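Reading the structure
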Amino acid sequence: MQVSYNARYRKTTFGNRSNIDKEGEIIIYSKGFRLKGKGAGDQGDLINFAEIKEFYYRDQAIIFVTFAKEKYIIDGTGNLFEQLLIDIYKARNEFLMDALFMKRGKLKGQFEGEFERTSKFGKPINKGNAQIRLHEGGMIIIPRDQDAFALNYDFIGFHEFDDLEYYCKIVMDDGVNIIFSRLGNDFESFQTNLVTALGNMYDRLINGFLKIIFPQFHATVLLKLAAKIKGGKALSLKEITKIDVELKDAIEEFIFEDDTFKQKISVIAEKTSPENTYYGIARSETDHDIIIKWVIYALPEENAVVFSILPKYSSTNQQPEKHPLYFYRIIMEKGTPADKLNDKIREINQALITLNFVTDPCYMDKRQLKHSPYKYALRKIPYLRILRRSFCDMVSHEDITTWQQQALKFLTKCKENESAE
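Counting of residues starts from 1 at the beginning of each chain's written sequence and follows it residue by residue. Where totals are concerned, whole chains, interfaces and linings use all residues; where local detail is concerned, this predicted model gives features only for residues with pLDDT of at least 70, and gives and counts side-chain atom pairs only at 80 or more. The side-chain numbers reported here are obtained from all heavy atoms of the structure, hydrogens and water having been left aside.

**Focus on unusual backbone geometry**
Positive phi, normally seen in glycine, also occurs at Gln 60, with a value near 60 degrees. With respect to the element layout, Gln 60 can be found in the loop between strand S5 (52–58) and strand S6 (61–66). Backbone geometry at His 323 places phi at a positive 50 degrees, although glycine is not the residue there. Numbered from the N terminus, helices here are DSSP runs of H or I no shorter than four residues, and strands are runs of E no shorter than two. Looking at the element boundaries, His 323 is found in the loop between strand S18 (304–309) and strand S19 (325–329).

Following this line, the structure appears as structure tokens:
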């Protein structure tokens, strides 16, 4: 994609002092655009979408701010402003879909309609016309003049279709509501495609690996489990026990096949209740032969939530394992750590599932990841930013005693950080 428009652009400081003010053109590419003044010798400024921190428009002008704190204003396009807006958002949204890991599986259908998104408190977030792309594992909403966003099927808490009013309502696990309407003659096709996608997701969960891991359990039990662990979400031991007591025992046996890890984590596990102990099981998106096992322990008294992903080849790996355990504080403006536990668990679930259980972006310094595919996600995915900000420390050691000593030390560190705040 490469289109250009005659335009005026200004580069200003945050005090609105102009550094550059030129008549020229904007040339839009697939991953950014160039702002160029008149004259063959003017190379202008090349802006990559990955460099943009804020991007919006008002009064026939496009305004954006880079992470380097440079502010640009593009205007003077006259009657072509709306088309410029559509073209630049089209390119930007294609970038966002890749940079923020929105695409989940193969594309199954595309639809045109309207959407309205509100927070769990009923506060409007955004609305408008959009293209809706249904993929195997989620949908992407692409407005004509707003940033694209995704809905991961794993985090859909509720959905319904109104066949009389022709709309679809989706409620996410975090309480966000999205209503799709004005789908026209495509409403039934949209409904069929979405229901099929959700059904296939359960089929992959149950027949893809749960029946293989737990063949002794009835399909009804596995269906209840699948509904709670979509995508590999960690589920509390208390909730697992409610489904089936024997299932709880089978999951624990599966999770703790690695006896060394079981010994190491015992120093943490003995401090938590079934309500605050979480187990997760997922099939790797990149290698379907790999089953991912992981645990979360919530310790509100210590102001800490910790998680560990077990070695993917623990049953065959003959090398000593360090079993990394990641420590996160519970950050809050008011209330107690216990009040915010669910939010922290959701942050960890969302981050790990979105990143296919790659842990580096959850704690590493930005400088270590500046050449990684996660660079933009670190800056723009809200729950990942919050999770990173709350990172406290990591224990990783082969020796059981040393591992346990460090783990207890970092629990104290989480508590001390709470006192400092």
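**Notes on the confidence of the model for the protein**
Per-residue pLDDT for the protein averages 92, and the proportion of residues at 70 or more is 95%. By mean pLDDT, helix H10 (residues 400–420) is the weakest element of the protein at 86, and strand S14 (residues 177–181) is the strongest at 98. Across the chain, each position has a pLDDT score giving the predictor's confidence in that residue, from 0 to 100. Two residues qualify as a contact provided that any one of their heavy atoms is within 4.5 Å of a heavy atom in the partner residue. For residues 313–317, every residue scores under 50 in pLDDT, and the model assigns this stretch four contacts once sequence neighbours within four places are set aside.

**Observations regarding the sheet that holds strand S12 (residues 156–162)**
Note on pairing: DSSP must find at least two bridges between two strands before they are called paired. Across the sheet, which stays open at both edges, the seven strands sit in the order S11-S10-S9-S8-S14-S13-S12 with antiparallel pairing between neighbours. Taken across any chain shown, the strands that pair with only one partner, and hence form the sheet edges, are strand S11 (149–152) and S12. With direction set aside, neighbouring strand axes in the sheet form an average angle of 30 degrees. In terms of strand pairing, strand S8 (residues 107–118) meets strand S9 (residues 124–135) through 11 bridges, oriented antiparallel. In this description, a line fitted to the C-alpha atoms serves as the axis of each element, helices being fitted only across the stretch in contact, and the angle between N-to-C directions of two axes falls anywhere from 0 to 180 degrees.

**Considerations on the pattern of salt bridges**
Two side chains with opposite charge may pair up if their charged atoms get near one another. Salt bridges are defined by distance alone: a side-chain nitrogen of Lys or Arg within 4 Å of a carboxyl oxygen of Asp or Glu. For the coordinates displayed, the defined rule picks out 15 salt bridges. Taking the shortest distance from any N to any O, the salt bridge between Asp 393 and Lys 413 comes out at 2.7 Å. In this pair, Asp 393 is assigned in strand S20 (residues 391–395) and Lys 413 in helix H10, connecting sequence segments 20 residues apart.

**Looking at the pairing of S9**
The antiparallel pairing of S8 with S9 creates a hairpin that spans five residues between the two strands, and Gly 122 there sits at a positive phi of about 85 degrees. Inspection of the sheet shows S9 paired to strand S10 (residues 138–143) by five bridges, in the antiparallel sense. Paired with Leu 134 across the strands is Met 139, a residue of S10. Counting the residues in the hairpin turn of S9 and S10 gives two residues.

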